[in-house]
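Topology and contacts: notes
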Amino acid sequence: MDAIRIRGGNALFGETKIQGSKNAVLPVMAAALLIEDISIIENCPRITDVLHMQKLLTKIGCKVSRSGRTLMIDARHVSRDKVAGESVTGMRSSLMLLGAMLGRFGEVTMEYPGGCVIGKRPIDIHLDALQKMGVSIQKEEETFTAMAKRLTGSVITLPFPSVGATENVILAAVRAKGVTVLQNAAKEPEITALCNFLQKAGALIEGTGGPVLIIQGGCRLHGVQFKVPSDRIVAGTYLFSVLGTGGHIFLRDAPVSQMRSMLKLAVEMGAEVTASGEGLSVIVSAGKKAVPYVKTDVYPGFPTDMQSPLMAVLSTAAGVSVIEETIFEDRFRMALELSKMGAEILTDGKKAVITGVEKLHGCEVYAKELRGGAGLVIAGCMAEGETIVRNRHFIERGYEDICRDYQDLGVNIVTE
Ligand code: EPZ
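Residues numbered from 1 in each chain as written. Predicted model: local features only at pLDDT ≥ 70, side-chain atom pairs only at ≥ 80, totals over all residues. Heavy atoms only, no water.

A few words now on the pattern of salt bridges. With the rule as written, the count across this model stands at 23 salt bridges. Salt-bridge contacts for lysine 17 lead to aspartate 253; the nearest nitrogen and oxygen are separated by 2.3 Å. Taken as a pair, lysine 17 in strand β2 (residues 12–17) and aspartate 253 in the loop between β15 (247–252) and α8 (260–268) lie far apart in primary sequence, 236 residues in all. Given the relative accessible area of 47%, lysine 17 is considered partly exposed. (Salt bridge = Lys/Arg side-chain N within 4 Å of Asp/Glu carboxyl O. Helix = DSSP H or I, 4+ residues; strand = E, 2+ residues; numbered from the N terminus. Buried < 20%, exposed > 50% of the residue type's maximum accessible area, 1.4 Å probe, protein only.)

Laid out in structure tokens, this is it:
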């Protein structure tokens, strides 16, 4: 029935293991296309976005096989082909094939990647940057063709540190002629993971993790064995869940060093956090505090992907909280569903004002996208009574098995 049923109102207790990162594994899978060899990707999460990317790579001619959480991508015999069809539309991560296909073939035709409810998701920054590397873009009604006789390294400054555009420039630059200097590059940990994967394959990239990347093109790339880092947003989702319900949890393999902004806010709200080599322990024994003002920002700021989980938790924090969403233009869709559960939230474009209520009450709510869906599951764990979250498929794009994880943490939750 594409739903999740939760009987909420209890504290969380238990331990769960954090899966591999969705937003790290997708660009790494695209990067495997640049390598005329076999690449082994470990700790790969079993999520539908990965399944889509597997289909796309297979369509292009890669041999992709999976055993448990290990993916094998053999990109020795791939064909220049249209990257189109249902797998491309409706999913952003396919856009990363743009840079990889240009790097491998110098040409690709693809449908405009589907946007989603959080925003228009334009690709102007991607295309402008690639054009500086000698790529010509031919736009049709439904598709566009990007072509470059010879990708050439260039000095590129992004107008905004777009994660996807940074990834596409890196993927094109490793196979371009000459050096590419990318300024105002995104600094998210997922960019670092992509650079680490490519460096392991023989690419020469300097400045990893910083705002300026220097990529030497033309290096011969060889197959690698690479472990995907843990997912900081999945770990953050569970970190904030226990703030919503109270309790004591342990998040095994949580990538603590990538979670500083989330941990800082959680402590301000009343969480007691202890990091160790194995993961993150979180104890919340008293009521959480409201947050007078917080804004989402590019890394290392508070991540936009954590905005919905935070909003759910703040809905019962005593006092008034204000969240400003600075990254996407329409990322407050979940507020309407939360108000069905008794939340008091006013939104106007970029800002949401949340007045904490005593309790949420369970009811039927609808996920409209991935992280808003996760926020509704958190609200269901917090609410008195039973909550049904419909459109589970949105959540499965990024969470391997959110019900299994919450059951680990003692929640009465089942898929339907
Ligand atoms: C990546 O999306 C992530 N997706 C998103 O995670 C994440 O929210 C986002 O980065 C920001 O951190 C993947 O990695 C697969 P952007 P991306 O380009 O690359 C505007 C999730 O829930 N923009 O940094 O699409 C854009 O509209 C997903 O896991 C342009 O205007 O993000 C947005 O307002 C959601 N023109 C802002 O920049 C462009 O050409 C940030 O976008 C590109 C982007």
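Before going further, it helps to spend a moment on the environment of isoleucine 395. Here isoleucine 395 lies in helix α12 (residues 392–395). Considering only alpha carbons, one finds isoleucine 395 and glycine 61, 334 residues apart in sequence, at a separation of 29 Å. Discounting chain neighbours no more than four positions away, the residues touching isoleucine 395 are Ile4, Leu370, Gly373, Ala374, Val377, Val389 and Ile402. (Contact = heavy atoms within 4.5 Å.)

With that out of the way, let us pick up the nonpolar core. Counting 74 residues, the largest nonpolar core has Met29, Leu98 and Leu198 as the members making the most contacts within it. In contact with methionine 29, not counting residues within four places along its chain, are Ile41, Val50, Met53, Gln54, Leu57, Leu71 and Ile73. Grouped together as the second largest cluster of nonpolar side chains are 69 residues, Leu265, Ala383, Tyr399 and Val411 included. (Core = buried A, V, L, I, M, F, W, Y, C linked by side-chain atoms within 4.5 Å.)

Turning our eyes to something else, we now look at empty space enclosed by the protein. Counted under the stated rule, the structure contains three cavities of 30 Å³ or more. Counted as a void, the largest cavity has a volume near 50 Å³. Every residue along the wall of the largest cavity is listed here: Arg7, Gly8, Gly9, Asn10, Ala11, Leu12, Cys381, Gly410, Val411 and Asn412. Of the residues that constitute the lining of the largest cavity, the class distribution is four nonpolar, five polar and one charged. (1 Å grid on protein atoms, 1.4 Å probe; cavity = no way out; pocket = protein on both sides within 12 Å on 5 of 7 lines; lining within 4 Å. Points joined across faces, edges and corners; volume = space filled by probe spheres on them. Nonpolar A, V, L, I, M, F, W, Y, C, P; charged D, E, K, R; others polar.)

Here we come to the sheet that holds strand β14 (residues 225–227). To summarise the sheet geometry, strands pair through backbone hydrogen bonds and adopt either a parallel or an antiparallel arrangement. The mixed open sheet is built from four strands, whose spatial order is β4-β5-β3-β14. Either end of the sheet is taken by a strand with one partner, and the two such strands are β4 (63–67) and β14. Across the sheet, the mean angle from the axis of one strand to that of its neighbour is 15 degrees, orientation sign disregarded. Sheet analysis places strand β3 (residues 38–42) next to β14, joined by three bridges and oriented parallel. What sits directly across from glutamate 42, in β14, is lysine 227. Sitting on the sheet, helix α1 (residues 22–31) is in contact with β3, β5 (70–74) and β14, with an inclination near 175 degrees to β3. Lying over the sheet, helix α6 (residues 189–200) contacts β3 and β14, oriented at roughly 160 degrees with respect to β14. (Pairing = 2+ DSSP bridges. Axes fitted to C-alpha atoms, helices over the stretch in contact; angles between N-to-C directions.)

Right, let's get into the domain arrangement of the chain. Often, the extent of an interface is quoted as the loss of accessible area upon association of its parts. Once the domains are mapped, the chain shows domain 1 (3–18 + 230–415) and domain 2 (22–227). Contact residues are listed per partner, giving 23 residues for domain 1 and 24 residues for domain 2. Of the roughly 1,900 Å² buried at the junction of domain 1 and domain 2 (both faces included), carbon and sulfur atoms supply 49%. It is Tyr299, Arg397 and Glu400 that lose the most area in domain 1 upon contact with domain 2, and together they represent 35% of the buried surface on that side. The interface formed by domain 1 and domain 2 contains three salt bridges. Between arginine 69 and glutamate 400 there is a salt bridge whose closest N-O contact spans 2.7 Å. A per-class count over the side of domain 1 that touches domain 2 returns six nonpolar, three polar and 14 charged. (Domains from an automatic or database assignment. Buried area = accessible area lost by both parts, 1.4 Å probe.)

What follows covers the packing of helix α2 (residues 48–60) against helix α3 (residues 96–105). For the pair α2 and α3, the least separation of the axes is 13 Å and the interaxial angle reads 20 degrees. By the angle between their axes, α2 is roughly parallel relative to α3. When you trace α2 past α3, the crossing you get is right-handed. Counted together, Met53, Leu56, Leu57 and Ile60 of α2 and Leu97, Met101 and Phe105 of α3 form the full contact between these two elements. By residue class, the composition of the contact of α2 with α3 is seven nonpolar, no polar and no charged. (Parallel < 35°, antiparallel > 145°, perpendicular 65-115°, else oblique. Left-handed = near helix turned anticlockwise from the far one by under 90°.)

Right, let's get into helix α5 (residues 163–173). Since the α-helix turns once every 3.6 residues, residues separated by three or four places project in the same direction. Counting buried positions along α5 yields 10 of 11 residues, so the element is predominantly enclosed. Taken residue by residue, α5 has Gly164, Ala165, Thr166, Glu167, Asn168, Val169, Ile170, Leu171, Ala172 and Ala173 as its buried positions. A distance of 2.9 Å separates the backbone nitrogen of alanine 165 from a side-chain oxygen at the start of α5, and that oxygen is part of serine 162. (Polar contact = N/O pair within 3.5 Å; in protein donor to acceptor, adjacent residues only side chain to side chain.)

As a further point, take the layout of surface pockets. Where empty space is left can be seen by rolling a probe of water-molecule size over the atoms. Within this model, the second largest pocket holds a volume of roughly 230 Å³. Of all elements in the fold, only α7 (232–245) and α11 (370–382) reach the threshold of two or more residues within the lining of the second largest pocket. Per-class residue counts for the lining of the second largest pocket are six nonpolar, six polar and three charged.

This part covers α1. Most of α1 is tucked away, with nine of its 10 residues classed as buried. The opening residue of α1 is serine 21, an N-cap whose side-chain oxygen sits 3.4 Å from the backbone nitrogen of asparagine 23.

Attention shifts here to the packing of α7 against α8. Pairs of packed helices are described in terms of their axes, by the angle between the two and the distance that separates them. Where α7 meets α8, the closest approach of the two axes is 11 Å, and the angle between their N-to-C directions is 0 degrees. Taken together, the axes of α7 and α8 are roughly parallel relative to one another. In this structure, α7 contributes Arg232, Ile233, Gly236, Leu239, Phe240 and Leu243 to the contact, and α8 contributes Met262, Leu263, Leu265 and Ala266. A breakdown of the residues in the contact of α7 with α8 according to their chemical character gives eight nonpolar, one polar and one charged.

Moving on, we get to the site of the ligand. Around the ligand, 21 residues are found, and the nearest of them are Asp124, Ile125, Ser162, Asp305 and Ile327. The backbone of proline 122 places a nitrogen or oxygen atom 3.3 Å from an oxygen atom of the ligand. In the environment of the ligand, an oxygen atom lies 2.6 Å from a nitrogen or oxygen atom belonging to the side chain of aspartate 305. For the ligand, whose accessible area on its own is 830 Å², the fraction buried by protein is 88%. Going through the elements one at a time, α1, α4 (124–131), α5 and α11 are the ones with two or more residues in the shell around the ligand. For the shell around the ligand, the element with the highest residue contribution is α4, accounting for three residues. Along the lines of polarity and charge, the residues of the shell around the ligand split into nine nonpolar, five polar and seven charged. (Near = heavy atom within 4 Å. Areas by Shrake-Rupley, 256 points an atom, 1.4 Å probe, with all protein chains shown as cover.)

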